[in-house]
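# Residue-level structural notes
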Amino acid sequence: MVPILLPLQELRLHWAKKLTLSEKNPYPLAPSDLVKMGLVTAENYLAQNLLFGQFCTSTMERELLQLSAEPGFANAHKEVQVIGAGLARDLYWLQKAAELGMTLTVRDVSGVACANARMLGERLGIDSQMECLEGEFENGWAQSEETPLVTYASQFIQVQSIRKMRRIMKCFGSLLRTPEDEPRRRLYLVHPLPEDNDTPRSWNNIQLPAPKWGDSLLYKAEDCLKYARCGLNGNVELDILGKHDYFHQKYSFLRLMPGK
């Protein structure tokens, strides 16, 4: 008899397979269309992951330094919450957050992703300031007693169904409520916008069709903003801090904050 898996077990198994290097999955999270075309190699996969990580880290380090200089930072609840660790290739900026005296919480439904985050924490020497929690974000959000100053979710919204995306963005919006004596809380999303990925692209001097995304859904920035505003029940500002090409896919770095 084949065992019946609960939805959460299925989700964990799904991400364990997606994140684990194997013969059938030689390049975890690389563009599946390029893998099928034989265009992904060990060399360019490593290079592209390093560049993606550098883009996210340099952006977040600038943001954290700016945040740390704002009035009220010293007395704020200085917690960074990472939602969806994945391969942890884009989380090296957590070292800067730790240097600024921030506590670090990493949450992922996948045990493999949590293990990746723990290994990174140990490598960076920040494991004593980092807590890795295995479970769904919504459960943790409901149980949390404190609201983080910074929430970071990379390549996370795109793997949610439409209904779940709306629900999560409302939760994210509610996290932006800020006490008067603290800096405005921040939400950072690293997300592929549809208008950047709906036409043929050139990569490595090869002309390619528009990216095929497999599990991912490319939500518009306006949709993310709409539901964040619903969760906050107020105005939310959205800024695009930069864009980055990962192979032939283009990602945008979005910052959402409560309006002044």
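On a predicted model such as this, the values are computed, not experimentally measured, just so you know.

## Details of the packing of aromatic side chains
Within this structure, the stated rule accounts for 11 aromatic pairs. Between Tyr188 and Phe253 the ring centres are 6.0 Å apart and the planes differ by 65°, which places this aromatic pair in the edge-to-face class. With Tyr188 in strand S5 (residues 186-191) and Phe253 in strand S9 (residues 249-258), the pair connects residues that are 65 residues apart, well separated along the chain. With centroids separated by 5.9 Å and ring planes inclined at 70°, the aromatic side chains of Trp213 and Tyr251 adopt a geometry described as edge-to-face. Taken together, the residues span a long stretch of sequence, with Trp213 in the loop between strand S7 (206-208) and helix H8 (221-232) and Tyr251 in strand S9 at a distance of 38 residues. Overall, Trp213 belongs to the buried group, its relative accessible area being 14%. What makes Tyr251 buried here is its relative accessible area of 1%. Counting every residue linked through ring pairs, the aromatic cluster contains Phe52, Trp203, Trp213, Tyr246, Phe247 and Tyr251.

## Some thoughts on unusual backbone geometry
The residue Asn204 is not glycine, and still its phi comes out positive at about 55°. Within the secondary structure layout, Asn204 lies in the loop between strand S6 (201-203) and S7. One non-glycine residue with positive phi stands out, namely Phe247, at about 55°. Mapped onto the elements of the fold, Phe247 is located in the loop between strand S8 (236-246) and S9.

## Quick notes on H8
For H8, with 12 residues, the first-to-last C-alpha span of 16 Å sits near the 16 Å given by 1.5 Å per residue. Among all positions in H8, only Ala221, Cys224, Leu225, Tyr227, Ala228, Gly231 and Leu232 are buried. Close packing links the buried residues of H8 with helix H7 (162-174), S5, S8 and S9. Downstream of H8 by one or two residues, Asn233 has phi in the positive range, about 60°.

What counts and how
- Residues numbered from 1 in each chain as written.
- Predicted model: local features only at pLDDT ≥ 70, side-chain atom pairs only at ≥ 80, totals over all residues.
- Heavy atoms only, no water.
- Phe/Tyr/Trp six-rings, centres within 6.5 Å; stacked < 30°, edge-to-face > 60°.
- Helix = DSSP H or I, 4+ residues; strand = E, 2+ residues; numbered from the N terminus.
- Buried < 20%, exposed > 50% of the residue type's maximum accessible area, 1.4 Å probe, protein only.
- Expected span 1.5 Å × (residues − 1).
- Contact = heavy atoms within 4.5 Å.

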